[in-house]
Amino acid sequence: MTPPTIYLDYNATTRLDEEVLQAMLPFFTEYYQNPGSSHLAGLTVNELIENACWQVADFIGGKPDEMVFTSGATESINLAVRGISNGKRDHLITLCTEHKAVLDTVTDHAVKNNLACSILPVQNDGLIDWERFEEAITDQTLLVSIMLVNNETGTIQNIKKISEMVHAKGAFLLCDATQAVGKIPVDVHELGIDLMAFSAHKFYGPKGVGGLYISKSVRKYLEAQITGGGQQKNRRSGTLNVPGIIGMAKACEIANKRMDHDATYVKSLRGHLENKLLEIEGTAVNGSVEHRIFNTSNILFKNVFSEQMILSLQHISVSSGSACSSVTTEPSHVLKGLGLNDEDALCSLRFSLGKGNTKEEIDVAVQRISGLVTQFRKE
Ligand SMILES: *Cc1c(COP(=O)(O)O)cnc(C)c1O
């Protein structure tokens with residue numbers, strides 16, 4: 001008998017919530033109509049989409065006309081980075097520990113459009129280096145892109161303070177909040193965010209749908225990147241992903257209700273896991289322990305290559321770096337950004353937990369990991 005999978009990779013993606021699935025199903029069959037159609041059936045679907053839009057916007061503290069639905073965080077980030085301009089400013093800023101969706105898009109956009117681009121180093125704990133940031137930001141800076149929660153280490157940046165500095169220079173702030181939305185309270189006004197990207201499949205919603213929050217104040221500086229039928233007030237053309245949007249709204253509703261409960265539960269599991277793993281010799285936590293989301297633990301196992309561990313762990317799903325880059329054996333750019341050398345970066349594992357995990361699973365995983373660490377160090 002093959003043992004059941006112990007899934008400790010919730011930052012890569014999550015299992016669709018059963019309630020979300022049930023909410024989506026009628027929109028593949030009975031309510032299949034195009035929300036852009038003007039017949040009664042189309043209008044009915046459109047009304048339900050408008051309701052979902054209100055729900056998603058409200059969940060992050062925004063208004064429905066500040067929401068654009070996309071295929072996920074990657075597309076949202078592309079729209080924000082490539083779409084923004086004010087005709088005068090020509091400088092972009094981001095951090096070296098951002099997700100590739102931000103780093104590659106900012107770099108590519110800067111090269112193609114002759115913009116200056118600062119990719120700033122961070123402190124050893126993964127938090128922003130305020131001095132470097134103050135030096136870098138000028139009155140030529142157009143856009144600053146900094147994530148709220150890091151996907152590899154869980155590090156939480158002080159977005160409120162960052163946004164104050166960004167706005168003091170008259171620039172805009174894009175925040176990749178993909179690992180935060182659905183897990184911790186996120187309010188765009190409280191944080192001072194102008195543009196915010198997120199994705200449903202990271203919080204028990206479906207894959208292939210996400211959103212970009214566009215505050216009223218930046219709307220006129222943002223140009224659509226996907227043109228065509230003029231859907232979503234011309235901000236993002238293409239027939240709406242109706243089941244996806246309905247599913248994302250349901251995932252927001254569930255997260256809203258369960259957030260405190262899930263956070264407490266998952267945090268206690270993470271604490272248990274981390275305490276046990278740190279009992280193994282030659283281990284350390286990567287990134288800030290204090291400013292960190294409750295579900296993530298990135299651990300260095302000295303002299304034990306994580307790729308070898310991942311293969312041997314088999315039915316226990318963990319990750320080295322982010323899911324998208326784990327086909328390569330390049331050391332994680334995030335861990336290198338924290339100052340780890342190549343070898344230590346290649347000997348680190350990311351554990352990311354979620355509401356489906358149990359204490360028994362954690363115990364099984366810890367036992368297996370500690371056995372493998374001993375075995376590999378002997379070899
Ligand atoms: C998953 C993730 C993305 C990409 O999201 P998609 O919906 O897969 O496009 C971007 N940023 C962060 C921080 C992520 O965790």
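For the chain, an unreviewed UniProt entry supplies the name cysteine desulfurase and the organism Chryseobacterium hagamense. Its UniProt record gives the chain the following Cofactor (unreviewed entry) comment, quoted word for word: "pyridoxal 5'-phosphate".

### Side note on the pairing of strand β8 (residues 210-214)
Extensive coverage of β8 is indicated by the burial of five of its five residues. Both strand β7 (residues 195-199) and β8 contribute to a ladder of five bridges, which runs antiparallel. Paired with Phe198 across the bridge in β8 is Gly211.

### Description of helix α6 (residues 159-168)
Every buried residue belonging to α6 is among Ile159, Ile162, Ser163, Met165 and Val166, and all of these are buried. One side of α6 holds all its buried residues, which, seen down the axis, span an arc of 165°. Close packing links the buried residues of α6 with α5 (130-136), β5 (141-145), β6 (172-176) and α7 (188-191). Gly170 occupies a position one or two residues after α6 and carries a positive phi of about 75°.

### Here's the deal with the sheet that holds strand β3 (residues 91-95)
The sheet built from seven strands is open, its strands ordered β2-β8-β7-β6-β5-β3-β4 with mixed pairing. Edge positions in the sheet fall to β2 (67-70) and β4 (116-120), since each has one partner strand and no second. When strand polarity is set aside, the average angle formed by the axes of neighbouring strands in this sheet is 15°. Looking at chain direction, β3 and β5 are connected through four bridges and run parallel. Bridge pairing in β5 links Thr94 to Ser145. Strands β3, β4, β5 and β6 of the sheet are contacted by helix α4 (residues 100-113), whose axis makes an angle of about 160° with β3.

### What about the nonpolar core?
Membership of the largest hydrophobic core comes to 91 residues, with the highest contact counts inside it found for Phe133, Met196, Phe301, Phe351 and Ile369. If you tally residues by element for this core, the top one is helix α9 (residues 242-278), at 15 residues. Residue contributions to this core reach at least three from each of two domains, namely domain 1 (6-15 + 258-378) and domain 2 (18-253). When neighbours within four sequence positions are excluded, Phe301 is seen to be in contact with Leu277, Ile280, Gly282, Thr283, Cys347, Leu349, Phe351, Ile369, Val373 and Arg377. Counting 21 residues, the second-largest nonpolar core is a separate cluster that includes Ile77, Ile84, Ala197 and Leu222.

### A word on the environment of Gln231
Along the chain, Gln231 turns up in the loop between α8 (216-219) and α9. By relative accessible area, which is 24% here, Gln231 ends up partly exposed. Taking the C-alpha atoms as reference points, Gln231 and Val68, separated by 163 residues in sequence, lie 9.9 Å from one another. Not counting residues up to four positions away in its chain, the partners in contact with Gln231 are Arg236, Ser237, Gly238 and Thr239. A polar contact is formed between the side chain of Gln231 and the backbone nitrogen of Gly238, at a distance of 2.9 Å.

### Examining unusual backbone geometry
The phi torsion at Tyr204 lies on the positive side, around 70°, for a residue other than glycine. With respect to the element layout, Tyr204 can be found in the loop between β7 and β8. Look at Asn234: it is not a glycine, yet its phi comes out positive at around 70°.

### Digging into the domain arrangement of the chain
Examined at the domain level, the chain breaks down into domain 1 (6-15 + 258-378) and domain 2 (18-253). Taking the mean C-alpha position of each, domain 1 and domain 2 sit 27 Å from one another. With 30 residues of domain 1 at the contact, the number on the domain 2 side is 32 residues. Between domain 1 and domain 2, a total of about 2500 Å² is buried, with carbon and sulfur atoms accounting for 57% of that surface. A per-residue breakdown of the area domain 1 buries against domain 2 is headed by Met259, Ile293 and His333, which together make up 24% of the total. Scanning the region where domain 1 abuts domain 2 turns up zero salt bridges. At the junction of domain 1 and domain 2, the tally comes to 15 residue pairs in polar contact (both at pLDDT 80 or more). Counting residues per element, the ones that place at least two in the side of domain 1 that touches domain 2 are β10 (296-301) and α11 (333-337).

### Describing the site of the ligand
All residues in the neighbourhood of the ligand are listed as Gly72, Ala73, Thr74, His99, Met147, Asn151, Asp176, Thr178, Gln179, Ser199, His201 and Lys202. For the ligand, an oxygen atom lies 2.6 Å from a polar atom in the side chain of Thr74. Take His201: an N or O atom from its side chain is 3.3 Å from an oxygen atom of the ligand. About the coverage of the ligand: the protein hides 87% of its 380 Å² of free accessible area. When grouped by side-chain class, the residues that make up the shell around the ligand number two nonpolar, eight polar and two charged.

### A short note on the sheet that holds strand β12 (residues 348-352)
Spatially, three strands are ordered β9-β10-β12 in an open sheet, and the strand pairing comes out antiparallel. Either end of the sheet is taken by a strand with one partner, and the two such strands are β9 (283-285) and β12. Along the sheet, successive strands turn relative to each other by an average axial angle of 25°, direction set aside. Bridge count between β10 and β12: five bridges; the pairing is antiparallel. Residue Asn298 lies in a different strand from β12, and its bridge partner there is Arg350.

Each value, and the rule that gives it
Residues numbered from 1 in each chain as written. Predicted model: local features only at pLDDT ≥ 70, side-chain atom pairs only at ≥ 80, totals over all residues. Heavy atoms only, no water. UniProt positions renumbered as here; feature names shortened; annotations may be inferred. Buried < 20%, exposed > 50% of the residue type's maximum accessible area, 1.4 Å probe, protein only. Helix = DSSP H or I, 4+ residues; strand = E, 2+ residues; numbered from the N terminus. Pairing = 2+ DSSP bridges. Arc of directions from axis to C-beta. Contact = heavy atoms within 4.5 Å. Axes fitted to C-alpha atoms, helices over the stretch in contact; angles between N-to-C directions. Core = buried A, V, L, I, M, F, W, Y, C linked by side-chain atoms within 4.5 Å. Domains from an automatic or database assignment. Polar contact = N/O pair within 3.5 Å; in protein donor to acceptor, adjacent residues only side chain to side chain. Buried area = accessible area lost by both parts, 1.4 Å probe. Salt bridge = Lys/Arg side-chain N within 4 Å of Asp/Glu carboxyl O. Near = heavy atom within 4 Å. Areas by Shrake-Rupley, 256 points an atom, 1.4 Å probe, with all protein chains shown as cover. Nonpolar A, V, L, I, M, F, W, Y, C, P; charged D, E, K, R; others polar.

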